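Structural description and commentary
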Amino acid sequence: MKPTSLLASFWLGAAVRGAASFAPTNHHLHHTTIKQKRQQQLQTSLTIRGGGDSMSSSSLSSVLGPAADAVGSALVSGTPLRAVGGMWAVSSLVIVPLTFIRQGYSFSVGYGFSVAALALTLLSSFDISLSTLTSSTPAILTATTVIYGLRLALFLLLREFSVDSKRKQVKSFDKTPRLKRTPLALSVSLLYAFMCSPALFALRGAVKAGSVWEKVQLISTSVAAIGMILESVADQHKYEAKRKSKETEDKFVGPSTWSYKLVRHPNYLGEILFWVGLFGAGSVSFGKSIVAWLCGSLGLAAILSIMLGSSGRLDTKQQEKYGGQPKYEEWKDAVKYSVIPFFK
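Cut-offs and rules
Residues numbered from 1 in each chain as written. Predicted model: local features only at pLDDT ≥ 70, side-chain atom pairs only at ≥ 80, totals over all residues. Heavy atoms only, no water. Helix = DSSP H or I, 4+ residues; strand = E, 2+ residues; numbered from the N terminus. Salt bridge = Lys/Arg side-chain N within 4 Å of Asp/Glu carboxyl O. Buried < 20%, exposed > 50% of the residue type's maximum accessible area, 1.4 Å probe, protein only. Core = buried A, V, L, I, M, F, W, Y, C linked by side-chain atoms within 4.5 Å. Contact = heavy atoms within 4.5 Å. Axes fitted to C-alpha atoms, helices over the stretch in contact; angles between N-to-C directions. Parallel < 35°, antiparallel > 145°, perpendicular 65-115°, else oblique. Left-handed = near helix turned anticlockwise from the far one by under 90°. Nonpolar A, V, L, I, M, F, W, Y, C, P; charged D, E, K, R; others polar. 1 Å grid on protein atoms, 1.4 Å probe; cavity = no way out; pocket = protein on both sides within 12 Å on 5 of 7 lines; lining within 4 Å. Points joined across faces, edges and corners; volume = space filled by probe spheres on them. Polar contact = N/O pair within 3.5 Å; in protein donor to acceptor, adjacent residues only side chain to side chain. pLDDT = per-residue confidence, 0-100.

Here the focus is the overall build of the protein chain. Of regular secondary structure, the protein chain possesses 13 helices and zero strands. Put simply, the protein chain runs from its N terminus to its C terminus through helices and strands in the order α-α-α-α-α-α-α-α-α-α-α-α-α.

Next comes the structure, spelled out in structure tokens:
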């Protein structure tokens, strides 16, 4: 069987498990019951898939079943270190093949799809049902993360295939032979696992109902959702403005309205709000776990550093390109903050 077929079968199995997890069920089922359900769902997915591969369904199940069960077991009931290791494995399944296709995908399309895959895997592993999804803040947080990742990945794909400059930019990163990209892909996968680990620990450790920590978790989840919406709107606004400027790329055309009146890079602000909210919602469940605090803090520090660094470089690039143009200078004078309001 081809490796790509094996990978496709693994994710088909995960998709079937994820869909089945939304059937009405008790969120506190014993892990053994969840494991049996996963095995049944995996076998169903292999039967649906069919095909004439030389490897039989039973052989394929023997390969994929233990791997999927090991990851699910690590996420739900393993040590914090094993759980983060499971997150890394899931992220790597997405990032490594996409990095082989385009090296730049490790930081763009792969970023979005990896975040979505991690959150989907969590929903499936913790057997989240529709009733739990609407009544559990950690479940809402994780579902929001799925939407965040999918929206970002699809937007970046749309931008790449509809804007020539972006397509050329993505291709320009292909400077390393495919197999030699593996260390980069694994490193980036680990970063995304760290960034999403607060959602994992939020699902593993429930906070006391009615406590101040429950309120902190709810507020933080709301911040993450607001950040996702802000980033989505700002991305689309900028995309539409840039599409209209194909013939005048050296002329500043904005955007300079709506959220771009708040800060010069509201899409970065939205991304920061999302990850800060995710960390805040998960941190109330970290307890005394050094692994949880270390992984979550490293992930948050990394994305904050990337966002603030990127906004600074973009400010410099815009100044070099548009400096002296009346419309740009007027907008820059009116909007004094780069990415965080009241912080220049």
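Turning our attention to the pattern of salt bridges. Considering all chains together, one arrives at seven salt bridges under this definition. For the salt bridge of Arg151 with Asp235, the shortest nitrogen-to-oxygen distance reads 3.1 Å. Here Arg151, found in helix H7 (residues 137–162), pairs with Asp235, found in helix H10 (residues 212–243); they are 84 residues apart in sequence, far enough to count as distant. Arg243 is the partner of Glu240 in a salt bridge, and the nearest nitrogen-oxygen pair spans 4.0 Å. Here Glu240 pairs with Arg243, and both are found in helix H10, just three residues apart, close to one helical turn. For Glu240, a relative accessible area of 31% gives the class partly exposed. Arg243 gets classed as partly exposed once you look at its relative accessible area, which sits at 40%.

Counting 65 residues, the largest nonpolar core has Met87, Tyr111, Leu122, Tyr148, Leu200 and Trp275 as its most contacted members. Mapped by element, the contributors of at least two residues to this core are helix H3 (57–77), helix H4 (80–101), helix H5 (109–125), H7, helix H9 (182–204), H10, helix H11 (266–283) and helix H12 (290–322). For this core, the element with the most residues is H9, which contributes twelve residues. Beyond its immediate sequence surroundings of up to four residues, Trp275 is in contact with Tyr111, Val115, Tyr148, Met195, Cys196, Leu300 and Ile303. Counting seven residues, the second-largest nonpolar core is a separate cluster that includes Ala234, Tyr328, Trp331 and Val335.

Note the cis peptide between Gly254 and Pro255, where omega equals 5°. Located in the positive-phi region is Trp258, a residue other than glycine, with phi close to 55°. Considering the arrangement of structural elements, one finds Trp258 in the loop between H10 and H11. You can call Trp258 exposed: its relative accessible area is 71%. The backbone of Phe342 shows a phi angle near 75°, a positive value even though the residue is not glycine. Considering the arrangement of structural elements, one finds Phe342 in the segment after helix H13 (326–334).

A pair of packed helices is captured by two measures, namely the crossing angle of their axes and the spacing between those axes. Two elements in contact, H10 and H11, have axes separated by 7 Å at closest approach and are oriented at 160°. The pairing of H10 with H11 is recorded here as roughly antiparallel in orientation. Handedness of the crossing formed by H10 with H11: left-handed. Between H10 and H11, the contacting residues are Val216, Gln217, Ser220, Thr221, Val223, Ala224, Gly227, Met228, Leu230, Glu231, Ala234 and Asp235 on the first element and Pro266, Asn267, Leu269, Gly270, Glu271, Leu273, Phe274, Gly277, Leu278, Gly280 and Ala281 on the second. Here the residues of the contact of H10 with H11 are counted per class, giving twelve nonpolar, eight polar and three charged.

Turning to the layout of surface pockets, a few remarks are in order. In this structure, the largest pocket spans a volume of roughly 1700 Å³. Taken together, 45 residues make up the lining of the largest pocket; nearest its centre are Arg159, Lys166, Gln169, Lys238 and Tyr268. Taken together, the elements giving at least two residues each to the lining of the largest pocket come down to H5, H7, helix H8 (164–171), H9, H10, H11 and H12. When residues in the lining of the largest pocket are grouped by element, the largest group, ten residues, is from H12. Residues of the lining of the largest pocket, tallied by class, amount to 20 nonpolar, nine polar and 16 charged.

Relative to the assigned elements, Thr137 resides in helix H7. Ignoring anything within four residues of it in the chain, the contact list for Thr137 reads Gln217, Leu218 and Thr221.

What follows deals with the packing of H12 against H13. In contact at an axis separation of 10 Å, H12 and H13 are set at 145° when each is read in the N-to-C sense. Along this stretch, H12 crosses H13, giving a crossing that reads as left-handed. Contacts between H12 and H13 involve Asp315, Gln318, Gln319 and Tyr322 on the former and, on the latter, Tyr328, Glu329, Trp331 and Lys332. Along the lines of polarity and charge, the residues of the contact of H12 with H13 split into three nonpolar, two polar and three charged.

Assignment of secondary structure puts Glu231 in helix H10. The class for Glu231 is buried, based on a relative accessible area of 2%. Looking at Glu231, its side chain comes within polar contact range of the side chain of Tyr148, at 3.0 Å. Discounting residues that sit within four places of it in the chain, Glu231 has contacts with Tyr148, Arg151, Leu152, Asn267, Gly270 and Glu271.

Further remarks concern the confidence of the model for the protein chain. Of the residues in the protein chain, 80% have a pLDDT of 70 or more, and the chain-wide mean is 85. Low pLDDT, under 50, characterises residues 1–32; the predicted model gives this stretch 66 contacts beyond four residues in sequence or across chains. Long-range and interchain partners of residues 41–57, a stretch whose pLDDT sits below 50, account for 27 contacts in this model, where long-range means more than four residues apart.

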